[in-house]
Amino acid sequence: MPFDFLDGLGFLADLLSADFSFKSSANSDNERKYSKKSKYITELWSGSFLVMASILYFVVFKNPLPEENYTQTLLVCILIGFAISFIIFFVLYHLELYYFKSLSKLLLFSFSFVCLMIALVLVAYFKLILMI
């Protein structure tokens, strides 16, 4: 039977999330503190993704784009950004890390991550590839 890449990633995720503590009372106190601290963790990640994406969009669009076929280039970059983000969502889903308690958190995180991936592809194309 060949080695499955996602099984290896799942094993690493299980290993990282393993709890090796033996104190149950201290563990429950830590869980209460952790739950209070991580109440808005999805919003924090989503907000940071949106801030990074907005900075990258500013870097790309502060100067005019090249005249020839820039609409087709933008469309291809957007599709590549969607493809990369959906591949990452698929991997996170199979690692059981793509779980949200509400639909609004799911949509906020997904939208911000897709925006960030599109911005990264645009920066990679317009700033790194066209400069060569």
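You'll find the structure just up there.
So, here's what we can say about the structure. (Residues numbered from 1 in each chain as written. Predicted model: local features only at pLDDT ≥ 70, side-chain atom pairs only at ≥ 80, totals over all residues. Heavy atoms only, no water.)

### Re the environment of Ser 46
Among the secondary structure elements, Ser 46 is positioned in helix α3 (residues 41–61). Sequence separation between Ser 46 and Leu 106 is 60 residues; the distance between their C-alpha atoms is 9.9 Å. Dropping the residues within four chain positions of it, Ser 46 is found in contact with Leu 108, Phe 109 and Ser 112. (Helix = DSSP H or I, 4+ residues; strand = E, 2+ residues; numbered from the N terminus. Contact = heavy atoms within 4.5 Å.)

### Regarding the side chain of Ser 110
Residue position: Ser 110 is located in helix α5 (residues 103–129). We classify Ser 110 as buried; its relative accessible area is 14%. With residues near it in sequence (within four places) discarded, Ser 110 still touches Phe 89 and Tyr 98. (Buried < 20%, exposed > 50% of the residue type's maximum accessible area, 1.4 Å probe, protein only.)

### Here we look at the packing of helix α4 (residues 70–94) against α5
The geometry of α4 relative to α5 is characterised by a closest axis approach of 8 Å and an angle of 130° between their N-to-C directions. Taken together, the axes of α4 and α5 are oblique relative to one another. Helix-helix and strand crossings are classified by hand; for α4 and α5 the assignment is right-handed. Mapping the contact onto sequence places Thr 73, Leu 74, Cys 77, Ile 78, Ile 80, Gly 81, Phe 82, Ile 84, Ser 85, Ile 88 and Phe 89 in α4 and Phe 109, Ser 110, Phe 113, Val 114, Met 117, Ile 118, Val 121, Leu 122, Tyr 125 and Phe 126 in α5. For the contact of α4 with α5, the class distribution of residues is 17 nonpolar, 4 polar and no charged. (Axes fitted to C-alpha atoms, helices over the stretch in contact; angles between N-to-C directions. Parallel < 35°, antiparallel > 145°, perpendicular 65-115°, else oblique. Left-handed = near helix turned anticlockwise from the far one by under 90°. Nonpolar A, V, L, I, M, F, W, Y, C, P; charged D, E, K, R; others polar.)

### As for unusual backbone geometry
At Glu 96, a residue that is not glycine, the phi angle is positive and equals roughly 60°. Its location among the elements puts Glu 96 in the loop between α4 and α5. With relative accessibility at 70%, the residue Glu 96 sits in the exposed group.

### Side note on the side chain of Thr 42
Looking at the secondary structure, you find Thr 42 in helix α3. Overall, Thr 42 belongs to the buried group, its relative accessible area being 13%. Excluding residues that lie within four positions of it along the chain, Thr 42 makes contacts with Phe 100, Lys 105 and Phe 109.

### So, the packing of aromatic side chains
Inspection of every chain in the model, using the stated rule, returns 12 aromatic pairs. Centroid distance Phe 49 to Phe 109: 5.8 Å. Interplanar angle 50°. Geometry classified as tilted. With a gap of 60 residues between them, Phe 49 in helix α3 and Phe 109 in helix α5 connect regions that are remote in the sequence. (Phe/Tyr/Trp six-rings, centres within 6.5 Å; stacked < 30°, edge-to-face > 60°.)

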